[in-house]
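Descriptive analysis of the structure
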Amino acid sequence: MASIKRGLPRLAVAAVLAALLGAPAHAQTSGKTIKFIPQADLRVLDPIWTTAYITRNYGYMVYDTLFALDEHLHPQPEMVGSYKVSDDKLTYTFTLRDHLKFTDGMPVRSADCIASLARWMKRDALGQAMAQAVGEMKPVDDRTFSIVLKKPFPLLLDAIGKLSSNVPFIMPERVAKTDANTQITDPTGSGPFKFLKDEWVPGSKAVFVKNPDYVPRSEPPSWAAGGKVVKVDRVEWDYIPDPATAAAALNAGEVDWWEQLPPDLVPMLRRNQDVVVADTDPLGSVGVARFNSLLPPFNNVKMRQALLYIVNQTDIMTSVAGDPENWKACYSVYTCGTPMASDAGAAPLMGKPDPAKAKALIKEAGYNGERIVLLTATDQPSINAQANVVADEMRQIGLNVDLQAMDWGTLINRRASKAPIDKGGWNMFFTWFGGADMLNPSLNFPLNTVGEKGWFGWASDDKIVALREQWMQASDAAAQKQIATAIQEEAFSSVPFIPTGQFIMPTAFRKSLKGVVPAPVVFLWNVEKD
Amino acid sequence: MAAISADIVVRAPRRRWLRETVRRHPTVVAGSLILLAMVAMAIFAPYLGTVDPIAVAPVKRLRFPSELYWFGTDAYGRDVYSRTLYGARVSLQVGLGVALFATVFGLAIGLVTGFVRLADALLMRVMDGLMSVPPVLLAIALMALTKASLGNVIIAITISEVPRVARLVRGVVLSLREQPFVEAARAAGTPLLRTLWRHILPNTIAPVLVQATYICASAMITEAVLSFIGAGTPPQIPSWGNIMAEGRLYFEIRPYLIIFPGLFLSATVLAVNLVGDGLRDALDPRLARRM
Amino acid sequence: MFAYLVRRLLATIPVMGVVALFVFSLLYIAPGDPAAVIAGDFATAQQIALIHQKLGLDEPFFVRFGHWLWAVLHGDLGISIFTNLPVTQLIGQRLEPTLALTLTTLVVTIVFAVPLGVIAAWKAGTWIDRLVMIVAVAGFSLPAFVLAYLLILAFSIKLDLLPVQGYVSFRDGFLPFIEHLILPSITLGLVYGALIARFTRASMLEVLSQDYIRTAQAKGLANDQVLLRHALKNAAVPIATVIGIGIALLISGVIVTETVFAIPGIGRLTVDAILRRDYPIIQGVVLLFSAAYVLVNLLVDVSYTLLDPRVRY
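The text that follows walks through the structure, step by step, so that each part is easy to find. (Residues numbered from 1 in each chain as written. Chains lettered and ligands numbered in written order. Predicted model: local features only at pLDDT ≥ 70, side-chain atom pairs only at ≥ 80, totals over all residues. Heavy atoms only, no water.)

**Examining the pattern of salt bridges**
Oppositely charged side chains may form a pair once their charged atoms are brought near each other. Residue and element names in this part refer to chain A. Note the following rule: Definition used for salt bridges: Asp or Glu carboxyl oxygen within 4 Å of a side-chain nitrogen of Lys or Arg. Numbering of helices and strands starts at the N terminus; helices are DSSP runs of H or I of at least 4 residues and strands are runs of E of at least 2.
Under the definition given, this model contains 40 salt bridges over all chains. Measuring nitrogen to oxygen at the nearest pair gives 3.9 Å for the salt bridge that ties Arg510 to Asp274. With Arg510 in strand E21 (residues 507-510) and Asp274 in the loop between helix H8 (266-270) and strand E14 (275-278), the pair connects residues that are 236 residues apart, well separated along the chain.

Written as structure tokens, this is what we have:
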């Protein structure tokens, strides 16, 4: 209907303009092009160097992985055709499947895989854990290589089949040889799409075309695993920073797909019969309130514990995601709805807010009205909402809150500062992770409590570090769960961060798109366009 | 009795004068009234049925305008009516602040450059350079250097407006300098500062005052633009630009978040412009014909 | 004439020099260490120091300014902090939409605003005059983004007549190209048009009160002839001046307009760069816009000789 309604006046305008200007009206042929509004602007082309989700998603377009995670959270062979694990579980031998080829025409060789893994192991936290176990990675022949371990590393396949940032994508050896701290800019990969760097306009547009040389696996797609069959010729990522404009563009059919929309706009888009609003991400996203454990007052564990009693997930999530169908409370340091999650030790966070208890803890901590700097990013609605609500809750129990607003780009620079607050430092910031990044202790960034070497906030808790080591060595799911629970109990006592709830960032696309793969990451393969 | 009759005698012409003014300058009167209303609103905001404009209440977020929430609530459940009223404070502070500072500095620079040749060569080069950077661009570039605060916004917009005032004043000074009465004063040995004070400054007042109103109006719009693109006042301050910036996301489902502050901003700027036009007509007939 | 041109061109050098100095100071006093940003999240102090050295960040202000200016004069505006691409390339990619938008707006605005101003002056004091002036003041007072949203709401969402956002190159079809520019041009042109209309009216009033116009009328020349042949011709110079000065408004408006309509032009590049504190881009954009402003005003000055034969240099 909308297209007819739209068509008539448009035709009239066209006729008038054509008459006025004496110009022939060109019909714009779109062919099989998907116009896609990504969640963020693609600026960095190195998915090993940055953890930014947009660059990870770019990586899934142009690169392939040795293993890939399926919907049952099992790593499945992707580029690997067959593999063997020795009986002592110390030698893994992988053979690549046929027809793997980079977009520069070169075949994918063992050397490429080894160099890519080596570079990834320098950047990624799980990769670094794996590096400590790896003795040697060596090619057997052009298409077979082996990884020999010094000590058992049960997570090896999970690591090289890691779903979210940093994903161990396979690049040509000449590119992967780049120093891990230097960004690469060469988009040569062996993935289902080819990146057209000439048409890339940072801040606006990134263009991909189908990689004609890509041979997909025969299995049906399941999350990142299975056959990545590309069913269109071209994908254009049109970055539209203003959500109101993006919504209008999707409603009008000027774009086909909007990756991530603010939940508040769901009802409006649902009213359009040509648009499908879907929740394709089974894991959702998890909000995180992070303390700076180096600076007073949050270097005092009592202050951090106090906040557990006032942080109200219902209030926060209502502001972040609106309608309760878009969020749920999640009193776990892991992604709720996945095997490791539980509410062990979460009592202070779960109950009704208890300002009296919080005030008592604050008094015990000796807090004396010192200024507390909270950082928020106004260009990230789901972050800004968390910050505003928590700041208000903190004010109500008499904390002297200084909520400093900036954009996300500035925030990620600011949060790196360990300086005192009057020299540009901070006490608290807010962010969110895709559920895939909070699945278990090996992936969870804010749980990596190794102090100043760790993630921003630099929480230090040796007990968690030791338990995390154990978890990675655990042999079965039951043992993993037990250790994970112990970690969580400790985490709700030393409070390196506070989970603020689990929410869905819905995706929306035109009815003309079929075959969208439900997964925690948006994939553009398997999608057809009428 | 005598007192009453005297009252009548005095009042009658006054009333006539008022009626006459309204008839002759309806736009100026309308502008002044709107402006007065806005100033009153800003000053008395706490007593006009408002609640704490920054108090967050997620449970009652995004409510449509109703008897309870006259202008609805925003995404954090804050009362838009209260925010809009308090927003008048921010806009007026920015408008008046920038107008005042830009005028003072512009006057100083203009007077000095008009009389001191060396300063003229140097300062006016700088002014020309700054003037060739479009004001909004200059202001956002300056804001990129500092953290978001009301004071910084006022400073950034002031810097981008000063050159225009300086240029105007310098022009007036240059034309006055050759006037016989100034030359006479100089010949009689009047010190420079005194000449400036007694003879030059009074003559620049009229055009500068007119210019100041236009600066006030454009500063309020610039503040809104800065806040709108995220380089203005910190978001917890309820400025009209901020309310609109936050309402942008919801503009299809909650258009009132843009419409109410937009309406107030436009009305205030319009009022200031109308008053400016009136001042210009009254103070400077020559300029009146030119603009 | 030629000597004047040379003189006028030379006069732009100190102006651009001041702009260059200002723009460079931006990066110099900017908070945050570009080396730390370039080095990335996990860099060591040593790596940052190395980048410092490589970029010459430890040298004194004027040495760095000299290097930077030398590079700029050779068309090198540096590398964007966030995308690692040359600033000139990023600007180059975005020139077309911005040029298309500003030129369309310029032409359309002048075509509408000048006649409106002339009519208002001709009918001075009547309701036509009042109406034009009220619209002009209102145009001055309505922030561009408020207007933009109202236009989108009315013409794109409710009436479904025009596209909401984006830019289509004229190479991809002339009609979509124009369709995508209509609402942005109106948004961008309103303030500028208001300025030109007001100024045209004022200039015309001044000219119309001159003796020679009265003489012309007394001679029995038809009114429209007087209006066009004498009055407008004489008012042309001040009108041209304000067109030049008003370019500043247009440039400021481009930043907002491109943001709302998601036009991938230089205005949006500016906003993105500001939000990310990508100083090399901010520098490049400020430099470019200022140069454009100076250039347009140079052209306006030169055009005086064509508009008004009495002006000789």
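**Notes on a nonpolar patch on the surface**
Just so we agree on the cut-off: The residues that make up patches have over 30% relative accessible area and no salt bridge, and they are joined within 9 Å when like-charged or within 5 Å when they are Val, Leu, Ile, Met, Phe, Trp or Tyr. All accessibility values rest on the Shrake-Rupley procedure with a 1.4 Å probe; residue burial counts only the protein chains present in the view.
Taken together, the side chains of Val39, Ile43, Phe44, Tyr47 and Leu48 of chain B make up a nonpolar region of the molecular surface, amounting to roughly 500 Å² of accessible area. Here Tyr47 of chain B shows up in the loop between helix H2 (26-43) and helix H3 (80-115).

**Observations concerning the packing of aromatic side chains**
Note the following rule: The rule is short: rings of Phe, Tyr and Trp, with Trp giving its six-membered ring, pair when the centres are within 6.5 Å, and they are stacked under 30 degrees, edge-to-face over 60, tilted in between. When accessible area is computed with a 1.4 Å probe and restricted to protein chains, residues below 20% of their type maximum are described as buried, those above 50% as exposed, and intermediate ones as partly exposed. Whether a charge sits over a ring comes down to the Lys NZ or Arg CZ being within 6 Å of the ring centre and within 35 degrees of the ring normal.
One pass over the full model with this rule turns up 48 aromatic pairs over all chains. Ring geometry for Phe24 of chain C and Trp68 of chain C: centres 5.5 Å apart, planes at 45°, overall tilted. Of this pair, Phe24 of chain C sits in helix H1 (residues 2-29) while Trp68 of chain C sits in helix H4 (residues 61-73); the two residues are 44 residues apart in sequence, bridging distant segments of the chain. As far as burial versus exposure is concerned, Phe24 of chain C and Trp68 of chain C are alike and both buried. A cation over a ring is seen here: Arg56 of chain A above Tyr53 of chain A, with NZ or CZ 4.3 Å from the ring centre. Positioned above the aromatic ring of Phe170 of chain C, the side-chain terminus of Arg171 of chain C is 5.5 Å from the ring centre.

**Comments concerning unusual backbone geometry**
Where the residue is not glycine, phi is negative for most of them; where a peptide bond is considered, it is trans in most cases. With an omega dihedral of -10°, the bond running from Ser165 of chain A to Asn166 of chain A counts as a cis peptide bond. By the element assignment, Asn166 of chain A lies in the loop between helix H5 (156-160) and strand E9 (169-170). With an omega dihedral of 5°, the bond running from Pro296 of chain A to Pro297 of chain A counts as a cis peptide bond. Look at Asp160 of chain C: it is not a glycine, yet its phi comes out positive at around 60°.

**A look at the interface of chain C and chain B**
Put simply, the rule is: Whether two residues are in contact is decided by their heavy atoms: any pair within 4.5 Å suffices. Buried area, as used here, totals the accessible surface that two parts lose on assembly, with accessibility defined by a 1.4 Å probe and the loss added over both. Under the scheme applied, nonpolar residues are Ala, Val, Leu, Ile, Met, Phe, Trp, Tyr, Cys and Pro; charged residues are Asp, Glu, Lys and Arg; polar residues are all the others, including Gly.
Taken together, the 47 residues of chain C in the interface contact 45 residues of chain B. In total, about 3,900 Å² of surface goes out of reach between chain C and chain B, with carbon and sulfur atoms giving 77% of it. In terms of surface lost to chain B, no three residues of chain C exceed Phe145, Tyr149 and Arg198 of chain C, which account for 15% of the buried area on that side. On inspection of chain C and its partner chain B, the count reaches 1 salt bridge. Arg198 of chain C is the salt-bridge partner of Asp277 of chain B, the closest N and O atoms lying 3.0 Å from each other. Those elements that place two or more of their residues in the side of chain C that touches chain B are H1, helix H6 (127-141), helix H7 (144-158), helix H8 (174-208), helix H10 (223-260), helix H11 (266-275) and helix H12 (279-307) of chain C. Sort the elements by how many residues they give to the side of chain C that touches chain B and H12 of chain C lands first, with 8 residues. A per-class count over the side of chain C that touches chain B returns 37 nonpolar, 7 polar and 3 charged.

Shape descriptors only; they carry no functional weight alone.
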